[in-house]
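Structural overview
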Amino acid sequence: MSYLSSKPSAALSGKIIAPGDKSISHRSLILGALASGKTRISGILMGQDVLNTAKAMQAFGADISQNGDIWEVQGLGPLGLQEPSDFIDFGNAGTGVRLTMGVSGSFPIKAFYTGDSSLRGRPMARILDPLAQMGVRYEMRAGGLLPCVVIGTDNVTPITYFSDKGSAQVKSAILLCGLRADGVTTVIEAKPSRDHTENMLRGFGVDVEVQDMADGRHASVRGKASLTACDVAVPGDPSSAAFLVVAALIIEGSDITIENVMMNPLRAGIFTTLIEMGADLTIYNERVVAGEKIADLRARHSALKGIVVPPERAPSMIDEYPILAIAAAFATGETVMEGIGELRVKESDRIRMTFDGLIANGVEAEEGAESLRVMGKSGAKPKGGASVTTHGDHRIAMSFLILGMASQSGVKVDEAEMIGTSFPNFVQMMTGMGGEFS
Ligand code: S3P
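Residues numbered from 1 in each chain as written. Predicted model: local features only at pLDDT ≥ 70, side-chain atom pairs only at ≥ 80, totals over all residues. Heavy atoms only, no water.

Let's shift gears to the site of the ligand. Around the ligand sit Ser-23, Arg-27, Thr-95, Ser-167, Ala-168, Gln-169, Arg-194, Ile-318, Asp-319 and Lys-346, and those are all the residues in its vicinity. In the environment of the ligand, an oxygen atom lies 2.7 Å from a nitrogen or oxygen atom belonging to the side chain of Arg-27. Between the ligand and the protein, one listed contact pairs an oxygen atom with a side-chain N or O atom of Ser-167 at 2.9 Å. Applying the majority rule of atoms within 2 Å of the grid points places the ligand in the largest pocket. Elements supplying a minimum of two residues to the shell around the ligand: α1 (22-34) and α5 (168-178). (Near = heavy atom within 4 Å. Polar contact = N/O pair within 3.5 Å; in protein donor to acceptor, adjacent residues only side chain to side chain. 1 Å grid on protein atoms, 1.4 Å probe; cavity = no way out; pocket = protein on both sides within 12 Å on 5 of 7 lines; lining within 4 Å. Sits in = over half its atoms within 2 Å of the grid points. Helix = DSSP H or I, 4+ residues; strand = E, 2+ residues; numbered from the N terminus.)

Strand order in the open sheet made by the four strands is β2-β15-β17-β16, with mixed pairing throughout. Looking along the sheet, the strands with just one partner apiece sit at the ends: β2 (13-17) and β16 (280-289). The average undirected angle you get between the axes of adjacent strands in this sheet is 15°. Alignment of strand β15 (residues 255-262) against strand β17 (residues 292-300), held across six bridges, turns out to be antiparallel. From the neighbouring strand, Thr-257 faces β17, where its bridge partner is Arg-298. Sheet strands in contact with helix α8 (residues 269-276) are β15, β16 and β17, and its direction is about 150° off that of β16. (Pairing = 2+ DSSP bridges. Axes fitted to C-alpha atoms, helices over the stretch in contact; angles between N-to-C directions. Contact = heavy atoms within 4.5 Å.)

Turning our eyes to something else, we now look at the domain arrangement of the protein chain. The assigned domain composition of the protein chain is domain 1 (4-20 + 236-432) and domain 2 (22-233). For domain 1 versus domain 2, the distance between C-alpha centres works out to 29 Å. Taken residue by residue, the interface counts 25 residues in domain 1 and 26 residues in domain 2. For the pairing of domain 1 and domain 2, the buried interface totals around 2,000 Å² over both sides, and the portion due to carbon and sulfur atoms is 51%. Sorting the residues of domain 1 by area buried against domain 2 places Leu-266, Pro-315 and Thr-421 first, and these three jointly supply 27% of that buried surface. (Domains from an automatic or database assignment. Buried area = accessible area lost by both parts, 1.4 Å probe.)

Another aspect to go through is the sheet that holds strand β23 (residues 411-413). Strands sit in the order β1-β23-β22 across an open sheet of three strands; the sheet is mixed. Both edges of this open sheet fall to β1 (4-6) and β22 (387-388), since each of them pairs with a single strand only. Here helix α11 (residues 394-405) sits on the sheet and contacts β1, β22 and β23; the angle it forms with β23, its principal contact strand, is near 165°.

Under the definition given, this model contains four aromatic pairs. Judged by centre distance (5.4 Å) and plane angle (70°), the rings of Phe-423 and Phe-426 are edge-to-face. When sorted by exposure, Phe-423 lands in the same class as Phe-426, which is buried. An aromatic cluster of at least three residues, connected via ring pairs, comprises Phe-423, Phe-426 and Phe-437. (Phe/Tyr/Trp six-rings, centres within 6.5 Å; stacked < 30°, edge-to-face > 60°. Buried < 20%, exposed > 50% of the residue type's maximum accessible area, 1.4 Å probe, protein only.)

A side chain of one charge can pair with a side chain of the opposite charge if their charged atoms are brought near each other. Going through the model one piece at a time under the given rule, you end up with 27 salt bridges. Ionic pairing is found between Asp-49 and Lys-22, a salt bridge with its closest N-O pair at 3.3 Å. Separated by 27 residues along the polypeptide, Asp-49 in helix α2 (residues 48-59) and Lys-22 in helix α1 bring together distant segments of the chain. The exposure class assigned to Asp-49 is buried, which follows from its relative accessible area of 1%. Look at Lys-22 and you get buried, because its relative accessible area is 9%. Put simply, Asp-154 and Arg-180 hold a salt bridge, and the shortest N to O gap is 3.3 Å. A residue pair is termed long-range when its members are at least 10 positions apart, and Asp-154 in the loop between β9 (145-151) and β10 (160-163) and Arg-180 in the loop between α5 and β11 (184-189) qualify at 26 residues. (Salt bridge = Lys/Arg side-chain N within 4 Å of Asp/Glu carboxyl O.)

Attention now moves to the side chain of Thr-257. Here Thr-257 lies in strand β15. Assessed through its relative accessible area of 10%, Thr-257 is described here as buried. Contacts of Thr-257, omitting those with residues within four sequence positions, involve Gly-14, Lys-15, Ile-16, Tyr-284, Leu-297 and Arg-298.

At the junction of Leu-146 and Pro-147, the peptide bond is cis and its omega measures out at 0° in the coordinates. Position of Pro-147 relative to the elements: it lies in strand β9. The backbone of Asn-285 shows a phi angle near 55°, a positive value even though the residue is not glycine. Within the secondary structure, Asn-285 is located in strand β16. Overall, Asn-285 belongs to the partly exposed group, its relative accessible area being 45%. Of note, Ser-378 is a non-glycine position whose phi angle comes to about 50°, a positive value. Looking at the element boundaries, Ser-378 is found in the loop between β21 (371-375) and β22.

In structure tokens:
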């Protein structure tokens, strides 16, 4: 276990390029492995989660190599996924394991899955129950937990599935399994989640339909699909950019620019929220690259005010609540975050971890079953000085290191190595802009 401490920081400045998006990186490897031909991926995130998905695709028979900055995936095409000869260990990667279970379930092979202690504590029935309706069999540990074995089928039943979770992982596992069904598979989401699977499947030549109806957003794939390899340009990750933006907003005198940030509306809720809080955040140079909206962001130190975050916005900023809570600690007034129950089943119980870390560092907060309320300090520096237990959660670690940078005495976090799952050069980027760590 490695500890890392942030020190109170002077103004941050500089221009950086956002690291590759984790969601799109996972999907580029998975879809590349399913496709006929060679998929070339540029800008992939070299985080541990993504590397675990790459290893998993190799275990199913895909040939993955690196050619300079480009990753190449020689897909399995009509041959299909092959039975792995060993357990597949996804480490910390929830997206990796859940999407892969959907894919492997659509081939007549057995695959055994496990992960680290965090992943082994996260719910898998939300994926495996709908897959069972599609004809996939499985055994998992009591409580719906990993390790599990997924016994796939050559005869996938197309289903229409209603999901009230706003989870792209649930939607994607079902749609990916439906690629080999005889018929159309539909997921209806009351709260639409990120749509990268749908957009990228189209890029690989699959017939995907998305429609907004009275009961929610319907996403459908036509089965017996064949995927054709394509080039994927991975845009910058808005979830990683959010950490840098908030650091600049709360550290006096800061002025930073982050280039190449994906602004997909189903991912950009954090930026809308920060602007509502009064953030001096300029979104400019907007363009479309490989079907995704991209922009550059300029963030400057700002006087923030507390707001009520609309609960229906949660899916579009689900990974950003811990860092939003840090921004809220510097605002004038209360920030209320409701409808965020899903945070309890992320890499850690993020409502609890955020609440505990705030209290330990001198910020008042209130925890509810599905909510968090943060009482802002009106720009005054929180005491800091605490040692935060992250439970191996990369986003909790980065959030509290940033709180420490803007506090009176810094913050120490444990399991700092987990930052490498999603943002391997976090410390390097922050140091380059003026942050100090020990
Ligand atoms: C992801 C979906 C989200 C998010 C995760 C990445 C994805 O999870 O928290 O970091 O790439 O599909 P849920 O779909 O479970 O909300």
